[in-house]
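If you want the building blocks of each chain, they are given just below.
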Amino acid sequence: MIRRRTWAAAAGALAVGLGVIGGELAAAALSPSVTPVSAVGSAVIDVLPPGVKDWAISWFGAADKAVLLVTMAVLIAVIALAAGVLEYRRAFAGRAVVIVFGGVGTLAVASRPQSSLVSFVAPVVAAVVAILVLTALIKALRVWVRSGEDGSTGSPSARRRFLQGAGGAALVAAATGAAATGVRSSQSTVAQQRSAIRLPAPTETTAPPPHTGSFVPEGAELDVPGISDLVTASDDFYRIDTALVVPVVDPATWSLRVTGLVDREVEITFDDLLALPLIERYITLACVSNTVGGDLTGNARWLGWPVRELLARAGVRPEADMVLSRSVDGFTAGTPLEALTDARDALIAVGMNGEPLPVEHGFPVRLVVPGLYGYVSATKWVSELEVTRFADDKAYWSTRGWSERGPVKTSSRVDVPRPNARVPAGVVVVAGVAWAQHRGVEAVEVRVNGGPWQRATLARPISADTWCQYSAALELEAGSHTVQSRAVDREGDVQSEAFVDPAPDGAEGLHTVTFTVT
Ligand SMILES: Nc1nc2c(c(=O)[nH]1)N[C@H]1C(S)=C(S)[C@@H](COP(=O)(O)O)O[C@H]1N2
Ligand SMILES: [Mo]
């Protein structure tokens, strides 16, 4: 007699196992910071009620993540065994389970702030692999079982077919599983190197003194629920780069070279950098692709050495007007020389919000330049500064139709009320953030239903290089309302009203939010 239920369950386990491994490998290659398994794990952590989290931590301590992963592995195994049995009983039943499973993985990936379009390849790969293997194995099993309907052990050739298929799948699973573990450990090496780094204290900072326990300068943050945090947590910070695989850079071998139109080429190592007097500044980054009202902006506390100091060591030739910064991944940005040499604090940054740069944000070293969009300035995993001329060299995005120069445009966003919100009648608080990096925000105005512009209250700006919170309390009647905001910078320029697409040098227009007063 053939133990068909056992073999069907084994087929399910092999199929789902291979699918999971395939998905993790695809993610390791395409979007290492979001894999289906890690995304499901993180999503579970997110949705767990705080009480359960506290309980898990008190019971398992630092092993809580491991416990979560083991629990997930057991659950996945049970579902996989069931999928095999179901598929054997009824064609497609097991595959349906796999599809639902893939859907859960996809949703989890979508819930991750770091996910990008390529992150979705992994759950699809996982589901496709699992479905193909499941279908093939169950088909072979059926042939074998049919050949043994007389109560025998079936036809030897059909038996061999199935067992060879299953054995092959097990071998592939073992081999790729080992490969996947290898990939994981190469990433965790960077994580270890990163956590071993002790950043020096800044010699100069605009952050509040440590004894205050706060990282927000006094008066800079308004007490309005739902408004953007003045200082963006690194985990929530938008991420934009062309790297399909996050560059893995060993700080021990990293160096930054200054080349091109200089008196002498210079090179500094990571240890050199940490031994220099580092300064700390809040700087708001913005992506040129940010649409009106979009979220591709963030404000962080950066620790670094002024770029101008390094350029001074190399001695910039008078004919130069641009610095082409190059990343280990081949990305380049073309920054006007003056933005790197004038009084503004363009930084060779090693720290973000008090920690070494997160790997996705350029570990171990990146550039941060106040006042310019990221694509012309904020090179992550930076390895070379080539001093050159706009007439002679073009950067990554400038060869793809984006403007050569990218000063950030004066802009603002409405955070509250949220679009389509229903708010109680009476005093309605409209609030958000405004930015005009390096010029500074002078004022923010809001208007309702296209009416007159009214001054909003502005929090104390941290500096001209950071965004600034605003709020306005408006008396509104019941019904549908539309609110808009506009920023005025300290050069007197007013945020423009006419809509302009992000390409080629940044979006323009007023963020418009419609909500209902009840
Ligand atoms: N190496 C590298 N650096 C890069 C990019 C990139 O694609 N590759 N993108 C730039 C762009 S377009 C922006 S807006 C900022 C985003 O920085 P963040 O991901 O830390 O927010 O990084 C810049 N630095
Ligand atoms: Mo960007």
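Numbers given for residues are sequential positions, taken from 1 along each chain in its written order. Naming scheme: in the order in which they are written, chains are lettered from A and ligands are numbered from 1. Predicted model: local features are reported for residues with pLDDT of at least 70 only, side-chain atom pairs are reported and counted for 80 or more only, and whole-chain, interface and lining totals are derived from all residues. Note: side-chain values were computed over all heavy atoms of the structure, leaving out hydrogens and water.

Brief notes about helix α9 (residues 307-314)
Here is step 1 of the chain: Those residues of α9 lying buried are Val307, Leu310, Leu311 and Ala314. Each buried residue of α9 sits inside an arc of 100° when the element is viewed along its axis, so together they form one side.
Here is step 2 of the chain: Under the DSSP-based scheme used, a helix requires at least four consecutive residues in state H or I and a strand at least two consecutive residues in state E, with every element numbered from the N terminus. Positive backbone phi, approximately 75°, marks Gly315, located one or two places after α9. Here's how the labels work: a residue is buried when its accessible area is under 20% of the maximum for its type, exposed when over 50%, partly exposed in between, all with a 1.4 Å probe on protein chains only. Here the arc refers to the set of directions running from the helix axis out to each C-beta atom.

Here's the deal with the packing of aromatic side chains
Here is step 1 of the chain: Classification of ring pairs rests on two measures: the distance between centres of Phe, Tyr or Trp rings, Trp counted by its six-membered ring, which must be within 6.5 Å, and the angle between planes, read as stacked under 30 degrees, edge-to-face over 60 and tilted in between. One pass over the structure, following the stated rule, counts ten aromatic pairs.
Here is step 2 of the chain: Members of the aromatic cluster, each reached through a chain of ring pairs, are Trp7, Trp144 and Phe162.
Here is step 3 of the chain: Cation placement over rings: the criterion is NZ of Lys or CZ of Arg within 6 Å of the ring centroid and within 35° of the ring normal. When the ring centre of Tyr88 is taken as origin, the NZ or CZ atom of Arg142, which lies over that ring, is 5.6 Å away.

Quick look at the sheet that holds strand β19 (residues 479-489)
Sheet strands pair by backbone hydrogen bonding; their relative direction is either parallel or antiparallel.
Here is step 1 of the chain: Strand pairing is defined by DSSP finding a minimum of two bridges between the two strands. One open sheet holds the five strands; their spatial order is β13-β20-β19-β15-β16, and the pairing between them is mixed. Strands with a single pairing partner mark the edges of an open sheet, and in this sheet they are β13 (422-423) and β16 (454-455).
Here is step 2 of the chain: Here two bridges tie β13 to strand β20 (residues 512-517), and the two strands are oriented parallel to one another. Note on β20: the bridge partner recorded for Arg422 is Thr516.

Overview of the sheet that holds strand β14 (residues 426-435)
Here is step 1 of the chain: As summarised here, the arrangement of the four strands in space is β12-β14-β18-β17, forming an open sheet in which the pairing is antiparallel. Each of the sheet's edge strands pairs with one partner strand only, and the pair in question is β12 (411-416) and β17 (457-458).
Here is step 2 of the chain: Here β17 pairs with strand β18 (residues 468-476) via two bridges, running antiparallel. Paired with Thr457 across the two strands is Ser471, which belongs to β18.

Concerning the UniProt feature "transmembrane region" (unreviewed entry) in the protein
Here is step 1 of the chain: Per the UniProt entry, the sites bearing "transmembrane region" (unreviewed entry) are residues 66-85, 92-111, 117-141 and 162-183 in this numbering.
Here is step 2 of the chain: Overall, residues 66-85 shows 100% helix and 0% strand. The separation of its end C-alpha atoms is 29 Å.
Here is step 3 of the chain: A distance of 37 Å separates the end C-alpha atoms of residues 117-141, which is 84% helix and 0% strand. UniProt positions are given in the numbering used here, feature names are shortened, and annotations may be inferred rather than shown by experiment.

Remarks on the domain arrangement of the protein
Here is step 1 of the chain: Entries for the protein in the domain assignment read domain 1 (4-187), domain 2 (204-400) and domain 3 (411-517).
Here is step 2 of the chain: Here the bounds of each domain stem from an automatic or database domain assignment. For domain 1 versus domain 3, the separation of C-alpha centres amounts to 48 Å.

Side note on the pairing of strand β6 (residues 322-327)
Here is step 1 of the chain: Most of β6 is tucked away: five of the six residues are buried.
Here is step 2 of the chain: The hairpin turn running from β6 into strand β7 (residues 332-336), its antiparallel successor, is four residues long, and Gly330 in that turn takes a positive phi close to 95°.
Here is step 3 of the chain: In the sheet, β6 pairs with strand β11 (residues 382-388) via six bridges, with the strands oriented antiparallel. Its bridge partner lying in β11, Arg326 is registered against Glu384.

Thoughts on the pattern of salt bridges
Here is step 1 of the chain: Each reported salt bridge corresponds to a side-chain nitrogen of Lys or Arg within 4 Å of a carboxyl oxygen of Asp or Glu. Applying the stated criterion across every chain, the model contains 21 salt bridges.
Here is step 2 of the chain: For Arg257, the salt bridge is made with Glu265, and the minimal N-O distance between the two is 3.7 Å.
Here is step 3 of the chain: A relative accessible area of 52% places Glu265 in the exposed class.
Here is step 4 of the chain: Residue Arg344 is joined to Asp342 by a salt bridge in which the shortest nitrogen-to-oxygen separation is 2.9 Å.
Here is step 5 of the chain: Where salt bridges share partners, they join Glu204, Arg281, Arg308 and Asp345 into one cluster.

Brief notes about unusual backbone geometry
Here is step 1 of the chain: That bond from Phe363 to Pro364 is cis: its omega, 5°, falls within 30 degrees of zero.
Here is step 2 of the chain: For Pro364, the location among the structural elements is in the loop between β9 (355-356) and β10 (366-368).
Here is step 3 of the chain: For the bond from Ala503 to Pro504, the omega torsion is 5°, close enough to zero to count as cis.
Here is step 4 of the chain: Along the chain, Pro504 turns up in the loop between β19 and β20.
Here is step 5 of the chain: A positive phi angle is found at Asn449, which is not glycine, with a value near 50°.
Here is step 6 of the chain: For Asn449, the position within the fold is in the loop between β15 (441-448) and β16.
Here is step 7 of the chain: The class of Asn449 is partly exposed, set by a relative accessible area of 47%.

What about the nonpolar core?
Here is step 1 of the chain: Put simply, buried Ala, Val, Leu, Ile, Met, Phe, Trp, Tyr and Cys residues joined by side-chain atoms within 4.5 Å make one nonpolar core. Residues Val258, Leu273, Trp302, Leu310, Leu311, Ile348 and Leu385 are the most contacted members of the largest nonpolar core, which totals 70 residues.
Here is step 2 of the chain: Contacts between residues were defined by any pair of non-hydrogen atoms, one from each residue, lying within 4.5 Å. Residues within four places of Val258 in sequence aside, it is in contact with Glu265, Val266, Leu310, Leu311, Ala314, Leu385 and Val387.
Here is step 3 of the chain: In terms of nonpolar packing, the next biggest core, distinct from the first, is built from 25 residues, Ala8, Leu18, Ala80 and Val133 among them.

A few points about the pairing of β12
Here is step 1 of the chain: In terms of burial, β12 is a largely internal element, six of the six residues being buried.
Here is step 2 of the chain: Taken together, the five bridges between β12 and β14 define a ladder with antiparallel strand orientation. For Val416, the partnering residue across the bridge sits in β14 and is Ala431.

Overview of the packing of helix α1 (residues 4-30) against helix α6 (residues 121-147)
Here is step 1 of the chain: Helix axes are fitted to C-alpha atoms over the stretch in contact, other axes to C-alpha atoms as well, and angles between N-to-C directions run from 0 to 180 degrees. Two numbers describe how α1 lies on α6: the axes approach to 7 Å, and their chain directions differ by 155°. Judged by the inter-axis angle, α1 sits roughly antiparallel to α6. Handedness of the crossing formed by α1 with α6: right-handed.
Here is step 2 of the chain: Throughout this entry, Asp, Glu, Lys and Arg are counted as charged residues, while Ala, Val, Leu, Ile, Met, Phe, Trp, Tyr, Cys and Pro are counted as nonpolar. The remaining residues, Gly among them, count as polar. Its residues assigned to classes, the contact of α1 with α6 shows 23 nonpolar, four polar and one charged. Note on terminology: angles under 35 degrees are roughly parallel, angles over 145 are roughly antiparallel, angles of 65 to 115 are roughly perpendicular, and the others are oblique. Crossing handedness is defined as follows: a turn of the near helix away from the far one that is anticlockwise and smaller than a right angle gives a left-handed crossing, while the clockwise case is right-handed.

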